[in-house]
Structures are given as C-alpha cells and as structure tokens.
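# Structural description and commentary
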Amino acid sequence: MQHIHILGICGTFMGSLAQLAVAKGYRVTGCDANVYPPMSTQLESAGIELIEGYDISQLESNPDLIVIGNAMSRGNPLVEAVLDRGLAYTSGPQWLRDNVLQGKWVLAVSGTHGKTTTSSMLAWILEYADMAPGYLIGGVPTNFSVSARLGKTPFFVIEADEYDSAFFDKRSKFVHYCPRTLIVNNLEFDHADIFDDLGDIQKQFHHVIRTVPNNGLIVKPNDSEAIDEVIAQGCWTPVENFAASPTATKGWSAELVKDDGSEFTILLDGEHQADIRWSQLGQHNVANAIAAMAAARHVGVTPEISAAALGKFEGVKRRMECLYDVDGLRIYDDFAHHPTAIATTLEGLRAKVGSENIVALIEPRSNTMRMGIHQSTLAAACTAANQVLWFSPKNLQWDIDAVINQTTIPTAVCASIDEIIESTCELIADAKDMPTHIVIMSNGGFGGVHQRLIQKLKSL
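Residues numbered from 1 in each chain as written. Predicted model: local features only at pLDDT ≥ 70, side-chain atom pairs only at ≥ 80, totals over all residues. Heavy atoms only, no water.

## Brief notes about the pattern of salt bridges
Two side chains of opposite charge can pair, provided their charged atoms sit close to one another. Counting across every chain of the model gives 14 salt bridges. Ionic pairing is found between R74 and E80, a salt bridge with its closest N-O pair at 2.7 Å. For R74, a relative accessible area of 53% gives the class exposed. Within this structure, K258, E263 and R277 form a network of salt bridges that share partners. (Salt bridge = Lys/Arg side-chain N within 4 Å of Asp/Glu carboxyl O. Buried < 20%, exposed > 50% of the residue type's maximum accessible area, 1.4 Å probe, protein only.)

Written as structure tokens, this is what we have:
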C-alpha cells in the first residue's frame, strides 16, 4: 500500500483530497499547524493519522510521496527537509489530476463568487439524476454528508479555485483539472496576496479555457466584461451564456416569480424549460442555479430533472446556514468575504424579509480584505442591512474607521469578540418585538462568535 503524507492537511481542499486518497486505497497521514474539528474529526473517522506541527521526525515513516499544500512555504522545517533529502513531492492539484481526474468527465465550477454553492447544486443534480458523480467541493453540501467522494461513474464535479497550487507551482489550481464542462460564474479582483491586478487573474482563467476541448462546453454570464475579455484572448470551445433575468440574448435566462428568488422560471433561447420553487434566496443563487442546469444539460440531464433536483436542494453549510431560530430571532452563518458577496447575500435576505431588522457582523479576514483592497466599496456593500458591526483584527492593514465615515446606516467597529457579542445583544434588545436576522459573515472561524452569541442568548 503506497503511503502519502500531506502537509497542510486540515484545509478544506487538502482534507477532501486526503479522503479521496483513502478511498483510492492509499495509506494517508498528514500534518498541519492546527489540528481541530470539524476537519480533524472527518479525517480521523476516515482512518487518517494526524500530526500537529511540522517536526521533521514525521518523515521517519518514509512516505512514498509528499503532497504539499499551498499554505506551505520555504522556511517550513518539513518543506526544507523534503527538499534537502530529495524526497518525491507534488502539489495537491497535480496529485488530484494524476490519481483521480484522469479519464473522468470533469465538470469544473470557477469564478470569484458562488463556486461552492454552484458545485454543490451541480453535484446534487447529477446525484438526483442517478448519475452517481464523484465530487470535491470546498464546503459540505447539506444534501451529502462529506465534502468529497470518488463516485461510481466517469462524472466528477470539482470546485475550481483560482488560488495558486503550491510554493513551487504558481499556476492556479484549476489549470490542473482539464475540465470538459467549465462554468465561469463571474470574475472580479480578489486574492491580492498573489495577484497584482485583474489582468493577472484573467491570464489564469485563459490558461484553463485553453484546456477545455472543442467538444466540451463553457458556461458563462452574458454581462461580464472581464470574462468576455478572457474569451476574446482565444476560445476553441462552444459557449453558452446565462443571465439571472429575462434577456433577448440567446442562451439561458430566468424570470422571477418572487423577488427574493425563491420561485422562478427557466428559459433557453426564450423558450420555457422548467419552473423552480426552492429554499434558496437571492438573484445570485438564481444565477448559480442556471449555470448548474446548463452544465448538467451538457451531460444529458434535462432541465425538468434539474429543476426537480433544485427543489430538493438543501444548501451548503456556512452559506446562509440558519444556526438559531427562536421567538423571531434568527442567526445565520455565511461565508461571504468580498463586497460583492456581502451585498448579494444581504440583498437576497432583504428581499425575503421585507422591513424586518437585519444586523450584519463582518470579519474582514481574507488576505484581500486585510490588505484593504476593497475598502472603498465595503460601505455600499452593506446598505441592505439595518446595522453593521465590524470586527477589527490586529493584523488589519487599513483604517476601518474610514468605512464608518462613508456609511449611510448605523455602523460600529468592535475590537474583540466579547464586544461584538455585547453590542449584538444590545441591538437585539433595542429591536424589542421586531423580527431580527443576525448575519455573521467571515471565511474563517470568527473567534467562535456564532456559538458564543447563541450561548449568551440562551443564558439571558
């Protein structure tokens, strides 16, 4: 049995890869700086030995191959030992391509926003259609119990991330996946820690477009200048356009039955295809659904079957996941960490709840947010909320108080999780009998504010 050792195993991508490797029959061990639930629990239940830290003694087990996560860099003791000893190593995306994706019909979902949700929708549509797909998703779809599996057919759905592959391979992860069906949901500047500008990201998107065969399919929105510029650099594959609203343009579109996006009709080239009634909210999710349906049609799933599947789609953990619902107070956990994602999430909720009270708790945690790249658009992104509480972490590289001066709604900055909890409880008390929705937004743990706030409310 071949033994692989994974450096940085507790990240969502690497942890999912580890579970696929076990399913393929490999002996898998791994290490990370912090080993903690829920990923540690998933990995241990899969029979994977976890080691906390990067002491070089863990190489004494003589693994056949080292898989190095993109969070690892030169100077890390294990990385240096692997290089000094001339051990065999590879990146996670390369291992995935060589050992899982070869011979598969890969359906890749890319874009700045909505990758996890759209990938989950697409995997669930194929599952509902009895196609038993494999998948690797950067989150846990509620319709499934795990974030990755091998599947029983050639179809494999993957969340295609544009972040780099490893310290020795600065190509985007998705360049390794060789998709036959590619969704490009949207394209904005992000990941400012590794990309200088939007043009840098567009170059990587064109790299992946170059790998899609001429009997494949590219699914993209009809109104994205950034994506159109990428396509204009060269495209050898049929393209289908989509829009989340009625459009005269040839392609997929939707007509909203309800403004909150919970009911809508799907059109293709202006012809009715299916009606959808589901539990998701917002025009961004309508767009995600259309993209997933178009990709599913490429592998033979009719729009009618896709619509039936989406009617039973239960969402994704940490994507407007309701954690608490008591006496008119709801608390949601959401992964939004970019101004566009923040805005579309809050606007979707506003369309659903009308004049009810919305309070957003936001942690600017991503590298791009910490660097202040989007600070000029953050205030406008929050206007659908009634109040916003910002967490100001110590490593923030910009003046968050400047956002306060630009906003048109009540906003405050909190220096600690305790302060956020106390301020939130005060806002809830001030709302009195008004139904209130607390939306907690971060791409990390946010200091455990979710459960700490719930525990505080239960104790009152």
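## Brief notes about the pairing of strand β18 (residues 321-326)
Here β18 pairs with strand β19 (residues 329-334) via 5 bridges, running antiparallel. For V326, the partnering residue across the bridge sits in β19 and is L329. Where β18 folds back onto β19 in an antiparallel hairpin, the turn is made up of 2 residues, including D327, whose phi is positive at roughly 50°. (Pairing = 2+ DSSP bridges. Helix = DSSP H or I, 4+ residues; strand = E, 2+ residues; numbered from the N terminus.)

## A short note on the sheet that holds strand β22 (residues 411-414)
Strand order in this open sheet of 6 strands is β18-β19-β23-β20-β21-β22, and the pairing throughout is mixed. A single partner strand is all that each edge strand has here, and the edge strands are β18 and β22. Adjacent strand axes in the sheet meet at a mean angle of 15° when their direction is disregarded. Strand contacts of helix α10 (residues 339-353): β19, β20 (357-362) and β23 (436-441), with the helix running at about 165° to β23, the strand carrying the most contacts. On the sheet, helix α15 (residues 449-459) packs against β18, β19 and β23 and is oriented at approximately 5° with respect to β18. (Axes fitted to C-alpha atoms, helices over the stretch in contact; angles between N-to-C directions. Contact = heavy atoms within 4.5 Å.)

## A short note on the sheet that holds strand β2 (residues 27-32)
Taken together, 5 strands build an open sheet; the order of strands is β3-β2-β1-β4-β5 and the sheet is parallel. Two strands close off the open sheet at either side, each with one partner strand: β3 (49-52) and β5 (89-91). Taken over all neighbouring pairs, the strand axes of this sheet differ in orientation by 25° on average, direction set aside. The sheet contact formed by β2 and β3 spans 4 bridges and is parallel. By the bridge assignment, D32 is partnered in β3 with E52. Contacting β1 (3-7), β2 and β4 (65-68), helix α1 (residues 12-23) crosses the sheet at an angle of about 175° to β1.

## What about the nonpolar core?
Within the largest apolar cluster, 47 residues are counted, with the highest numbers of intra-cluster contacts made by I4, I6, I9, V28, W95, L96 and I158. Sort the elements by how many residues they give to this core and α1 lands first, with 6 residues. Every residue in contact with I9, bar those within four places of it in the chain, is listed here: M14, G15, A18, V28, T29, G30, C31, D32, M39, L43, I48 and L50. (Core = buried A, V, L, I, M, F, W, Y, C linked by side-chain atoms within 4.5 Å.)

## A look at the packing of aromatic side chains
The full count for this structure, using the stated rule, is 10 aromatic pairs. On the basis of an interplanar angle of 90° and a centroid distance of 5.0 Å, the ring pair of F167 and F168 is categorised as edge-to-face. By relative accessible area, F168 is classed as partly exposed at 32%. Plain terms: the ring middles of F174 and F205 are 5.0 Å apart, the flat faces sit at 70° to each other, and that makes the pair edge-to-face. Placement of the pair is F174 in the loop between β11 (169-172) and β12 (181-184) and F205 in helix α6 (residues 198-210), with a sequence separation of 31 residues. On the accessibility criterion, F205 (1% relative accessible area) is buried. Counting every residue linked through ring pairs, the aromatic cluster contains W124, Y128, Y135 and F144. Sitting over the ring of F13, K173 keeps its end group 4.5 Å from the ring centre. (Phe/Tyr/Trp six-rings, centres within 6.5 Å; stacked < 30°, edge-to-face > 60°. Lys NZ or Arg CZ within 6 Å of the ring centre and 35° of its normal.)

Keep in mind these numbers describe shape, not what the thing actually does.
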